[in-house]
Amino acid sequence: MTFRNRREKLRSILSGPRCIRPGSVYDAISIRIAEDLGFEVGMFGGSVASLAVLGDPDITLITLTELAEQMRRMSRASPLPVLVDADHGYGNALNVRRTVQELEAAGAAGLTIEDTLLPQAFGEAKTQLISLQEGVGKMKAALDGRGDASLVVMGRTGAASITSLDDAIARAKAYEATGVDALFVTGIKARRELEAIAAATTLPIVLGGAPEEMSDVNYLAAQRVRIALQGHAPFAAATRAVYDTLKALREGTPPQQLKGLVSGELTARLTRDGAMKGKAAEFLGLGKR
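Visitor: Give a description of the environment of Leu67 that names residues and reports values.
Guide: Considering the arrangement of structural elements, one finds Leu67 in helix 4 (residues 64-77). Each C-alpha atom, one on Leu67 and one on Val84, is 9.0 Å from the other, the two residues being 17 residues apart in sequence. When sequence neighbours within four positions are dropped, the list of residues in contact with Leu67 reads Phe44, Ala49, Ile62, Val84, Asp85, Ala86, Tyr90 and Leu103.

Visitor: Account for the environment of Ile59, with residues named and values stated.
Guide: Tracing the chain through its elements places Ile59 in the loop between helix 3 (46-53) and helix 4. A relative accessible area of 48% means that Ile59 is categorised as partly exposed. Distance in space between the C-alpha atoms of Ile59 and Ser47 is 8.2 Å, their sequence separation being 12 residues.

Visitor: Can you lay out the packing of helix 6 (residues 132-145) against helix 8 (residues 165-178) for me, pointing to particular residues and giving the numbers?
Guide: The interhelical angle for the contact between helix 6 and helix 8, taken along N-to-C directions, is 30°, at an axis separation of 9 Å. The angle between the axes of helix 6 and helix 8 places the two elements in the roughly parallel class. Judged by the sense of rotation from one axis to the other, the crossing of helix 6 with helix 8 is right-handed. Along its contact with helix 6, which presents Leu132, Gly135, Val136, Met139, Lys140 and Leu143, the element helix 8 presents Ala170, Arg171, Ala174, Tyr175 and Thr178. Along the lines of polarity and charge, the residues of the contact of helix 6 with helix 8 split into seven nonpolar, two polar and two charged.

Scoring rules and cut-offs
Residues numbered from 1 in each chain as written. Predicted model: local features only at pLDDT ≥ 70, side-chain atom pairs only at ≥ 80, totals over all residues. Heavy atoms only, no water. Helix = DSSP H or I, 4+ residues; strand = E, 2+ residues; numbered from the N terminus. Contact = heavy atoms within 4.5 Å. Buried < 20%, exposed > 50% of the residue type's maximum accessible area, 1.4 Å probe, protein only. Axes fitted to C-alpha atoms, helices over the stretch in contact; angles between N-to-C directions. Parallel < 35°, antiparallel > 145°, perpendicular 65-115°, else oblique. Left-handed = near helix turned anticlockwise from the far one by under 90°. Nonpolar A, V, L, I, M, F, W, Y, C, P; charged D, E, K, R; others polar.

Don't take any of this as a statement about function, it's just geometry.
Written as C-alpha cells, this is what we have:
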C-alpha cells in the first residue's frame, strides 16, 4: 500500500459515519500487531514516542528527527495508516512547516499540531497555550508544508481544560477556517462540552481521551467524533512484561520456567518469517538443493 493509499484510508475514516478506536503503536512490532488484529488506523502518541525512543517522560525532549525516524521504521514494517502526534511542531510556524515535510516523507497518514506552549516556560508550573493568532499561523504553515494533498493535517487544542470551553470553541473555529482536515480536541470532561464544540464547528473531530460516560461510540459518532483515542495501554503492558521477565531472570528463574512468553508461531507471523524465507529462496538460492 502506497503512502497515498494510507492517507486516503484515513480520510475515508474521517468522512465516514462511524467512530473508531485506533491502536496505539510505537515500533515495528506493535504496528504489525495492530495491523494483524484488524485496527483501521494506528496512533503514534508523543508521550509513547518519548518513552519508546528516549525512555524519558513526555516533557518535549524528543526531537523531530527522532520522531520522524521512528515513523519511518513503522512505515516500512506495515501499511497500516498512522496518525502522528506532532506536538507543537517542534518550534515556531516555520518549524511546523518542516515537521510536516519530514513526517510526510516518513510515511505518516496524518498528523496533529497543537497550541500548547512547549517546551514548558521558565518559572511556570501550569500548562499554557500559545496565542490564538500564533496557533492560526501554525495551522497555515502546516498546510503550506504539505506536499501530498492527501496527507491529513489536524488542528489540536487542549483549551477546554487549560483556559475555558469558550476559548476551545474559538480556537476550534479559527483552526477550521484555516483549512485543516479535522479538529483534535483534548481535555473534554463532559458531554455538554463536546456537544458545544460539535455544534460550533463542521469538521470531523478526533477525541483525545474522555471520561467513561463518553465511551459510547454511537454517541460519539453522533457528535461527529470519527476517532476516539483509548490511551497507550499496549506500551504500558509491554513495559510490565519486560520488567517482570528481567526481574525473574535476575532472581534466578530458569528461562525454561518463564511464563507468558511469545510463541514461536506468533513471532514468525509478526516478523513475516515465511515471506522472508521465500525471498531468501528466490534471491539467495536457499532451499533449492
